[in-house]
Amino acid sequence: MKRYNPSEIEPKWQQIWEEQKANHVEIDPHKEKLYVSGMFPYPSGAGMHTGHAFSYSIVDAIARFHRQHGYNVMNPMGWDTFGLPAENYAIKTGTAPAKVTAENIANFKRQFKRMGVSIDWEREINTSSPEYYRWTQWIFTKLFERGLAYQKESLQWWCPVDKTVLANEQVEGGRCWRCGSIVEKKSMKQWFFKITDYADSLLEELDDLDWPAKIKTAQTNWIGKSEGAEIMFAVVAMPFSETASRQASNGAPAPVETWAADVSENGIATPANITVFSTRPDTIFGASFIVLAPEHPLARQLAVGDFKEATENYIAEAVKKSEIDRTNDTKEKTGVFTGSYAINPVSGEKVPVWVADYVLGGYGTGAVMGVPAHDERDFAFAEKYSLSIIKVIDGNSDEQVYHDEGVLINSGDYNGLPSSDAREKIVAWLEENNLGQGKTTYKMRDWLISRQRYWGAPIPIIHCDEHGAVAVPEDQLPVILPEIEDYAPKGDGKSALARAEDWVNTTCPTCGKPAKRETDTMDGYACSSWYLLRYADPRNAERAWDPETVNYWNPLDFYVGGDHAVAHLLYVRFWTHVFYDMGLVNFKEPIHKLVYHGYINAEDGTKMSKSKGNVVDPLDVIDQGYGADALRTYLLFMGPYELDASWNSRSIAGVYRFLNRVWVLSQQFLDYKGDDVTKNDDAVRRSQHKTVRKVTDDLRRLSFNTAIAALMEYVNDLYKYKVDGFSRETWRQAIEALVQMTEPFAPHMTAELWQELGHEDLIQHATWPTWDDALIVESTMKIAVQVNGKVRAEIEVSADAGEDEVKQTALTQENVAKFVADAEPKKVIYVTGRLVSIVV
RNA sequence: GCGCGAGUGGUGAAAUUGGUAGACACGCUAGCCUUAGGAGCUAGUGCCUUCGGGCGUGCUGGUUCAAGUCCAGUCUCGCGCACCA
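Conventions used here
- Residues numbered from 1 in each chain as written.
- Chains lettered and ligands numbered in written order.
- Predicted model: local features only at pLDDT ≥ 70, side-chain atom pairs only at ≥ 80, totals over all residues.
- Heavy atoms only, no water.
- Helix = DSSP H or I, 4+ residues; strand = E, 2+ residues; numbered from the N terminus.
- Buried < 20%, exposed > 50% of the residue type's maximum accessible area, 1.4 Å probe, protein only.
- Contact = heavy atoms within 4.5 Å.
- Areas by Shrake-Rupley, 256 points an atom, 1.4 Å probe, with all protein chains shown as cover.
- Lys, Arg positive; Asp, Glu negative; His and termini not counted.
- Charge placed at Lys NZ, Arg CZ, Asp CG, Glu CD.
- Polar contact = N/O pair within 3.5 Å; in protein donor to acceptor, adjacent residues only side chain to side chain.
- Core = buried A, V, L, I, M, F, W, Y, C linked by side-chain atoms within 4.5 Å.
- Near = heavy atom within 4 Å.
- Nonpolar A, V, L, I, M, F, W, Y, C, P; charged D, E, K, R; others polar.
- Salt bridge = Lys/Arg side-chain N within 4 Å of Asp/Glu carboxyl O.
- 1 Å grid on protein atoms, 1.4 Å probe; cavity = no way out; pocket = protein on both sides within 12 Å on 5 of 7 lines; lining within 4 Å.
- Points joined across faces, edges and corners; volume = space filled by probe spheres on them.
- Pairing = 2+ DSSP bridges.
- Axes fitted to C-alpha atoms, helices over the stretch in contact; angles between N-to-C directions.
- Expected span 1.5 Å × (residues − 1).
- Parallel < 35°, antiparallel > 145°, perpendicular 65-115°, else oblique.
- pLDDT = per-residue confidence, 0-100.
- Phe/Tyr/Trp six-rings, centres within 6.5 Å; stacked < 30°, edge-to-face > 60°.

Caption draft 1: Just the overall build of chain A, in detail. When you go through chain A residue by residue, the secondary structure sums to 29 helices and 33 strands. With the principal axes as the frame, chain A shows a C-alpha extent of 115 × 90 × 50 Å. Counting every position in chain A, which comprises 840 residues, the buried fraction comes to 54%. Sequence-distant contacts, at least 24 apart, represent 74% of the contacts inside chain A between residues at least 6 apart. For chain A, the accessible area works out to roughly 36,800 Å², and carbon and sulfur atoms hold 47% of it. Separation between the mean location of the 89 positive side-chain charges and that of the 119 negative ones in chain A comes to 4 Å.

As structure tokens, this is what we get:
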């Protein structure tokens, strides 16, 4: 008997698949397509890790399961190669990033092939190749044409270590997502994609996606839609002496009430208006002060008299502070009074204008109305600075700050109205009087895409003195990334490309006069926002993709990964929405089902990390003799794919044992020389059909762990029956079904067995086994008997026994009679095929 | 603080519609076999027990003939967002 030897079998089949291009697919109108992909890897120098192995074990189980079901399965692969690690490595070693990248790809590819994933390598793509980024640039020019790519001077997150700006999504807790250093604000002219135009569209389509709830929630929160109103407060300039005399001893202005009376006499309305944003216009009568963010353009202007210096100092300090200091909510709130006042448009009361850093410059209008009775933050601020607190919502609650809805009080004509009605009426009144309007705002900002780094797709723009920013025409694409000597950014806010003068100096496509190229490159997320479409048509040199081809393969049926909940998964949706509007695709959403898996942790339950030395290298596991088949099967057997799991070196041995049992069973069948023994045929057949039903069902819902458990049970059954010997036809079917069902997990071993079983075609092109319910039915059934909810007996009755017969049998059981005693059962319930419940 | 998810044996877990809780596997125990290996095979393995049975899915209640599953409350852990007005 041949022994199971993965280190011999696996390379053999990997070579056969490669030579035959076994997984290459083309459009086939006669077959239903199925498109599955993992999130393409960034090929780092470190090589493949357990997370990759896990992702692609899931991808391949899905691909192979559907391939055996006759689907035209596309399972492509590519490399996300632009980005900082390759560039930083290049700076350190003086090697060109392109060269480093090519080496890393070659290494990754070699490693991936050892996993036996059924990839169509003819579709391989690489985002840093000019053939690819040519079209990334083309898409940029199309967005530019539509006004969806624009340049703006603004305060941006700046990473002082990586010396580049970052998108909001790349700042995590005030730190750079790559290097962890504390980010700073810097005012620079930057390129943006106008994702905010698509906020509503992205929100709407989210509902129908077959994505995990937590990802949908994360995206909903990120978009952060809130409905409310913008309300104008007219600024009232006060004579300096007047203001000073009203100042209370603690630096705060006198209470608002004392000012209410003299608005008309002393107040001099200026042209300035402060527009605030509020989601609770129903509480406007309780607005007793205004707070401006330090970045607010009026903040300096409104600082008057004695308050001028303090205000300016405060603003200067606040703008310098890192976001960590500013957004730490355990910190006590601070602020300064500007000396100016504004008028509450509904009550006519004069309210002081403050500047405080608890108000964010970038959200809403950068100004809020302080309603301390109904907002915790405003309350804390009002308490500290002795500002007046006016309760305007009756909440029937003793809480100091009631922030829920309720009935209005102290609100003039609106008293007695519930919040929602009052909101509508107040906004309507503001609109009528040109004092405000209903407004929807979003937390999401536009996507900042320019990077002051070398290793990215150059932004295809030429700056001309006469024509401004001009898109590079399609026939001049790609704008090739020039080879240069020194890649390092110098911290002057420009990429190293700015020093490639031959490249920078060009002519304007519109007028032909000397002009300069844009020297920023695009965020790597731009490249990954359309690769799922390029896979469908990867060698097209005429256009980014042929719409018909893409409309056949896309959208993706399954997208497998465990990262990028908002960033990539939001951007890829955004671009596809735009492509839909441009008529380039006939669907809005690029990904139907998102298979978002957990992390594989180290044996001790903590994250694998090089510094801790607890990293499990998937290639080591293969080399130890377990092979890729055992590794893959184990990764899927560990538990539900959604959950985090800890590696266990003993458990993988158990899975290897299972594969070995499949192998041994098959070999013993093949080697069997005796007569046919039909004794167990019915039982074997029943077990086979039951297992096919269960495994098929489990794999349809991606319950890999239970599918593998069912296969183990099946193998255990067959081991019991084989003791008596084999009958060739029954056992051939039983074993072929077993081998086929194991193929999605252990493709090499099953390919070998399939061949030994006499098949010339590859197992992956075989037809998945079917089951016959009639063969699964047993002649008898076991019924549990409960008395008052406790199981007291188990009876075996014939499968076609009627209700009365079952109940009668149940009641006459010795142990049942004992517990029923003399009592007359109050109720006897029969749950067909399962149990009898007797109530006494 | 807000939102989402999860709490089941010594361990990873299973239970798809309320219907015999713990499938499958690891580990452990005993035995068999063996040219001795990190091999293979068989049986047992939730806890307690006076061997009748009793208890058991984080905790407290509720609905039901029947609850891991449904409802109310509560605790713990994990994740996401976090001064977004």
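Caption draft 2: Quick peek at the side chain of histidine 597. With respect to the helices and strands, the residue histidine 597 is situated in the loop between strand 27 (591-596) and strand 28 (600-601). Here the side chain of histidine 597 touches serine 55 through a polar contact of 2.5 Å, side chain to side chain.

Caption draft 3: How the structure looks around the nonpolar core. One finds Ile58, Ile62, Trp647 and Phe704 to be the most contacted residues of the largest nonpolar core, which totals 91 residues. Filtering out sequence-adjacent residues up to four positions away, phenylalanine 704 remains in contact with Ile58, Ala61, Ile62, Leu636, Tyr641, Leu699 and Phe745. Grouped together as the second largest cluster of nonpolar side chains are 88 residues, Tyr132, Trp135, Leu481 and Val578 included.

Caption draft 4: Quick look at the protein's contact with RNA strand B. Close to RNA strand B lie 54 residues, the nearest being Thr279, Lys333, Arg377, Lys443 and Arg661. Close to the protein, within 4 Å, the atoms of RNA strand B are drawn from sugar and phosphate at a rate of 57%. With respect to RNA strand B, the side chain of serine 278 contributes an N or O atom lying 3.2 Å from a sugar or linking oxygen. Tyrosine 626 has a polar side-chain atom sitting 2.8 Å from a base nitrogen of RNA strand B. Among the elements that take part in the surface near RNA strand B, helix 24 (residues 704-722) stands out by supplying seven residues, more than any other. Within the surface near RNA strand B, the residues separate by chemical class into 19 nonpolar, twelve polar and 23 charged.

Caption draft 5: Expanded view of the pattern of salt bridges. Considering all chains together, one arrives at 39 salt bridges under this definition. In this structure, the salt-bridge partner of arginine 114 is aspartate 623, at a minimum N-O distance of 2.9 Å. Placement of the pair is arginine 114 in the loop between helix 4 (97-113) and strand 4 (125-126) and aspartate 623 in helix 21 (residues 618-637), with a sequence separation of 509 residues. Ionic pairing is found between arginine 423 and aspartate 282, a salt bridge with its closest N-O pair at 3.4 Å.

Caption draft 6: Here's a closer look at empty space enclosed by the protein. Across all of its chains, the model carries three cavities of 30 Å³ or more by this definition. For the largest cavity, the full set of lining residues is Ala61, Ile62, Phe65, His66, Leu699, Leu702 and Phe704. It is helix 2 (residues 50-68) that contributes the most residues to the lining of the largest cavity, four residues altogether. The class makeup of the residues in the lining of the largest cavity is six nonpolar, one polar and no charged.

Caption draft 7: Structural view of the sheet that holds strand 32 (residues 827-831). In spatial order, the strands read 31-30-33-32; together these four strands make up an open sheet with mixed pairing. The open sheet has two edge strands, strand 31 (790-798) and strand 32, and neither has a second partner. Taking the axes of each pair of neighbouring strands and ignoring which way they run, one obtains an average angle of 20 degrees across the sheet. Relative to strand 31, strand 30 (residues 780-787) runs antiparallel, the two sharing eight bridges. Bridge pairing in strand 31 places isoleucine 783 opposite isoleucine 795.

Caption draft 8: How the structure looks around the sheet that holds strand 21 (residues 461-464). Strand order in the open sheet formed by four strands is 22-21-24-23, with antiparallel pairing between adjacent strands. Each end of this open sheet is capped by a strand with a single partner; those strands are strand 22 (468-471) and strand 23 (505-507). When the angles between neighbouring strand axes are averaged without regard to direction, this sheet yields 45 degrees. Sheet topology places strand 21 next to strand 22; four bridges connect them, and they run antiparallel. Looking at strand 22, one finds that isoleucine 462 is bridged to valine 470.

Caption draft 9: Seen up close, helix 5 (residues 130-145). Taking 1.5 Å of rise per residue, the 16 residues of helix 5 would be expected to cover 22 Å, and the 22 Å separating its terminal C-alpha atoms lies within 8% of that figure. Positive backbone phi, approximately 75 degrees, marks glycine 147, located one or two places after helix 5.

Caption draft 10: Fine view of the packing of helix 22 (residues 649-671) against helix 26 (residues 747-756). Running from amino to carboxyl end, helix 22 crosses helix 26 at an angle of 5 degrees, the nearest separation of the two axes being 11 Å. With respect to each other, helix 22 and helix 26 are oriented roughly parallel. Between helix 22, through Leu659, Val662, Trp663, Ser666, Gln667 and Leu670, and helix 26, the contact on the second element is made entirely by Met749, Glu752, Leu753 and Glu756. Within the contact of helix 22 with helix 26, the residues separate by chemical class into six nonpolar, two polar and two charged.

Caption draft 11: Spatial organisation of unusual backbone geometry. Note the cis peptide between leucine 477 and proline 478, where omega equals 0 degrees. You can see proline 478 is positioned in the loop between strand 22 and helix 16 (501-504). The residue after asparagine 554, namely proline 555, is reached through a cis peptide bond having omega -5 degrees. Looking at where proline 555 falls in the secondary structure, it is placed in the loop between helix 19 (547-553) and strand 26 (556-561).

Caption draft 12: Quick peek at the packing of helix 6 (residues 199-206) against helix 20 (residues 567-581). For the pair helix 6 and helix 20, the least separation of the axes is 10 Å and the interaxial angle reads 105 degrees. Overall, the two elements helix 6 and helix 20 adopt an arrangement that is roughly perpendicular. Contacts between helix 6 and helix 20 pair Ser201, Leu202, Glu205 and Leu206 from the former with Leu570, Arg573, Phe574 and His577 from the latter. A per-class count over the contact of helix 6 with helix 20 returns four nonpolar, two polar and two charged.

Caption draft 13: Quick look at the confidence of the model for chain A. Here chain A shows a mean pLDDT of 88. Residues at 70 or above account for 94%. The complex prediction reports pTM at 0.90, with the ipTM value standing at 0.93.

Caption draft 14: Spotlight on the packing of aromatic side chains. The tally for this structure, following the rule as stated, stands at 48 aromatic pairs. Ring geometry for tyrosine 132 against tryptophan 530: centres 4.5 Å apart, planes inclined by 20 degrees, an arrangement best described as stacked. Here tyrosine 132 is found in helix 5, whereas its partner tryptophan 530 is found in the loop between helix 17 (524-527) and helix 18 (531-534), with 398 residues between them in sequence. Neither residue differs from the other here; tyrosine 132 and tryptophan 530 are each classed as buried.

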